[in-house]
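The lines below spell out each chain.
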Amino acid sequence: MKFNNIREIINSIKSKELSPREVTEYYLNRISELDGQLNSFITVTEDQALSQAKAADDRYKTKNNFPLDGLPIAHKDIFCTKGVLTTCGS
């Protein structure tokens, strides 16, 4: 599985080629495989990501999805998120 842009991911989800959970699992696996070398992530919220992917799956089933639903994101550790450690990289 390789994507060149966000549109390809969303189109794969909309066409039911992949589910939001499968896309999320793919990226979580990539983080697991490569982050030891890259040291890119301080905190990975795997359970939260999978829970949100399931919710996106459910919304697609009821055709009540959002435009970018199911698209995993990563953001810098500078945003306060309830229940997630924020270190600002220190």
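Residues numbered from 1 in each chain as written. Predicted model: local features only at pLDDT ≥ 70, side-chain atom pairs only at ≥ 80, totals over all residues. Heavy atoms only, no water.

**A closer look at the side chain of Asp35**
Mapped onto the elements of the fold, Asp35 is located in helix α2 (residues 20-38). Of the side chains bearing the opposite charge, Arg30 lies closest to the buried Asp35, which forms no salt bridge; the N-O distance is 11 Å. Once residues lying within four places of it in the same chain are set aside, the contact partners of Asp35 are Arg30, Ser40 and Phe41. (Helix = DSSP H or I, 4+ residues; strand = E, 2+ residues; numbered from the N terminus. Buried < 20%, exposed > 50% of the residue type's maximum accessible area, 1.4 Å probe, protein only. Lys, Arg positive; Asp, Glu negative; His and termini not counted. Salt bridge = Lys/Arg side-chain N within 4 Å of Asp/Glu carboxyl O. Contact = heavy atoms within 4.5 Å.)

**Here's the deal with the nonpolar core**
With eight residues, the main nonpolar core is built from Phe3, Ile9, Ile10, Ile13, Leu18, Val23, Tyr60 and Leu71. Ranked by residue count, the leading element in this core is helix α1 (residues 6-14), at three residues. Ignoring sequence-local partners within four residues, the contact set of Val23 consists of Ile9, Ile13, Leu18, Gly70 and Pro72. (Core = buried A, V, L, I, M, F, W, Y, C linked by side-chain atoms within 4.5 Å.)

**Comments concerning α1**
When α1 is considered as a whole, its buried residues turn out to be Ile9, Ile10, Ser12 and Ile13. Down the axis of α1, the buried set is contained in an arc of 160°. They therefore lie on one face. Opposite its buried face, α1 presents the exposed residues Arg7 and Lys14, each directed more than 90 degrees away. On its buried face, α1 sits against α2 and α3 (46-61). The backbone nitrogen of Arg7 has a side-chain oxygen 3.1 Å away, supplied by the residue at the start of α1, namely Asn5. Positive backbone phi, approximately 65°, marks Lys16, located one or two places after α1. (Arc of directions from axis to C-beta. Polar contact = N/O pair within 3.5 Å; in protein donor to acceptor, adjacent residues only side chain to side chain.)

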